[in-house]
Amino acid sequence: FGCQNHAIYACKIERHARNAMRLKIAHTTTYRYEPPASGVIQILRMTPGGHDGQYVANWQIDVSTDSRLDVHEDAFGNITHVLTHGTISDLTISVEGLVETHDTGGMLRGTDERFPPSLFLRATPLTSVTAAMAAFANDLRVEAGGDTLGFLHALLLQINDHMTFDTDPTHAGTSAAEAFALQRGVCQDYAHIFIACARSAGVPARYVSGHLMRSDGMVAQNAGHAWAEAHVEGLGWVGFDAANGICTTEAHVRVAIGLDYLTAAPVRGTRYGGGKETLEVAVHVDQAGRQSQS
C-alpha cells in the first residue's frame, strides 16, 4: 500500500535490495567575513531526530570558535541550536554522526506532530503558485479523481519531467513560481514546486531538509538534500523526492521540517557589521562499512 506501489518508478534505486542502512554523515559549513563581523547569530537545524524509520546512533556538533550554543526544539519539533558570537572573521560549523535507516515505503511513522495537517496548506512567498502552476496541479487532480495518493504520484513524476536539475539559475531565495517558469533548479526548487502545487490542490504539504546517499556511489556533495512530505487522509505523511522522481527510501535521512526552506534551513542567521561574506559547504554521505569513491 502507499508508496510501496510506486517502486516501479524508483529511478534506478533498488529499494527492495536494501531494506536497512547505516549511514555516515558529515556536514561542514564555513563562513568568512572580510573585514570581520562585529557579531553573528546563527540558527542551526543540523541534528536529525528519530522516528520509526530512522534511529540516530550517534551525532555531534562542533563549532570552530568558543561560541555560546543553546539547544531547544523549535515550533515544528526540529532540534535547533542557536549560536551567538562577538567579533569574528571566520566560523566553521561541523556536524557528523551515524544514522540507521529503514525503508518504510515512503510513509512516516513515530514523529511528534505538533500541528494539524491543515497548517501545511498555508502558502508562503517561496511556495506561492501562478495560474500556470495551479492549472498544472488541477489537471492532475482531476485526472486522479478522488485518489489523493495517485495525484501525488503523478505530480511527483510530472515535476521531475518538467524540471532540469541545474545549480546555476536559482538560489536560496528563488520561489517555486520562478523555478517553475525557468524549468530549472536544484532539489530545494523541486520541493517548493511540489509543495506549492499540492497545496493549491488542497493537499497539505511541507518542506523537509536532510541528506541523501546517492545511488551512484559518490559521497562528496556540495549541499544537503531536500524533499517534500504530503498528508494523505487515512495514511498520514508520505515523503516525495521530486528531484529524483521517487518516494523517500532508506537512503534519505530526515533532519528538519517547515513550511518552506526558510523554516527548515540547516543554517540561517544574521551578522552585524563586517564586509564581504563568503560561504563554503561540504557534505559527505556514505554507507558505513562500504568502500566508497569521492
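Structure: above.
Notes on the structure in this doc start here.

## Points about the overall build of the chain
Now for step 1: A tally of helices and strands in the chain yields four helices and 16 strands.
Now for step 2: For the chain, whose C-alpha radius of gyration is 19 Å, the value lies close to the compact-globule estimate of 19 Å for 294 residues.
Now for step 3: Carbon and sulfur atoms make up 49% of the accessible area of the chain, which totals about 13,000 Å².
Now for step 4: Taking the 21 positively charged and 31 negatively charged side chains of the chain as two groups, their mean positions are separated by 1 Å.

## Some points on the side chain of Arg206
Now for step 1: Mapped onto the fold, Arg206 is located in strand E9 (residues 205-212).
Now for step 2: Among the polar contacts made by the side chain of Arg206, one reaches the side chain of Glu113 at a distance of 2.8 Å.
Now for step 3: Setting aside its immediate chain neighbours within four residues, Arg206 contacts Leu108, Glu113, Phe120, Ile195, Arg199, Trp227, Ala228, Glu229, Trp237, Arg254, Ile257 and Gly258.

## Considering the packing of helix H1 (residues 131-144) against helix H2 (residues 148-162)
Now for step 1: Following both chains from N to C, one finds H1 and H2 inclined at 140°, their axes separated by 9 Å at the closest point. For the element pair H1 / H2, the angle class is oblique. For the crossing formed where H1 meets H2, the hand is right-handed. Judged by residue contacts, Phe136, Ala137, Leu140, Arg141 and Ala144 of H1 engage Thr148, Gly150, Phe151, Ala154, Leu155, Gln158 and Ile159 from H2.

## Overview of the sheet that holds strand E2 (residues 39-47)
Now for step 1: Across the sheet, four strands lie side by side as E4-E5-E2-E15; this open sheet has antiparallel pairing. One side of each edge strand has no neighbouring strand; the edge strands of this open sheet are strand E4 (68-73) and strand E15 (267-272). Taking the axes of each pair of neighbouring strands and ignoring which way they run, one obtains an average angle of 15° across the sheet.
Now for step 2: In this sheet, strand E5 (residues 79-85) lies alongside E2 in antiparallel orientation, the contact comprising six bridges. Among the inter-strand pairings, Thr47 is bridged to a residue of E5, identified as Ile79.

About the thresholds
Residues numbered from 1 in each chain as written. Predicted model: local features only at pLDDT ≥ 70, side-chain atom pairs only at ≥ 80, totals over all residues. Heavy atoms only, no water. Helix = DSSP H or I, 4+ residues; strand = E, 2+ residues; numbered from the N terminus. Rg over C-alpha atoms; globule rule 2.2 N^0.38 Å. Areas by Shrake-Rupley, 256 points an atom, 1.4 Å probe, with all protein chains shown as cover. Lys, Arg positive; Asp, Glu negative; His and termini not counted. Charge placed at Lys NZ, Arg CZ, Asp CG, Glu CD. Polar contact = N/O pair within 3.5 Å; in protein donor to acceptor, adjacent residues only side chain to side chain. Contact = heavy atoms within 4.5 Å. Axes fitted to C-alpha atoms, helices over the stretch in contact; angles between N-to-C directions. Parallel < 35°, antiparallel > 145°, perpendicular 65-115°, else oblique. Left-handed = near helix turned anticlockwise from the far one by under 90°. Pairing = 2+ DSSP bridges.

Keep in mind that these numbers describe shape and distance, not what the molecule does.
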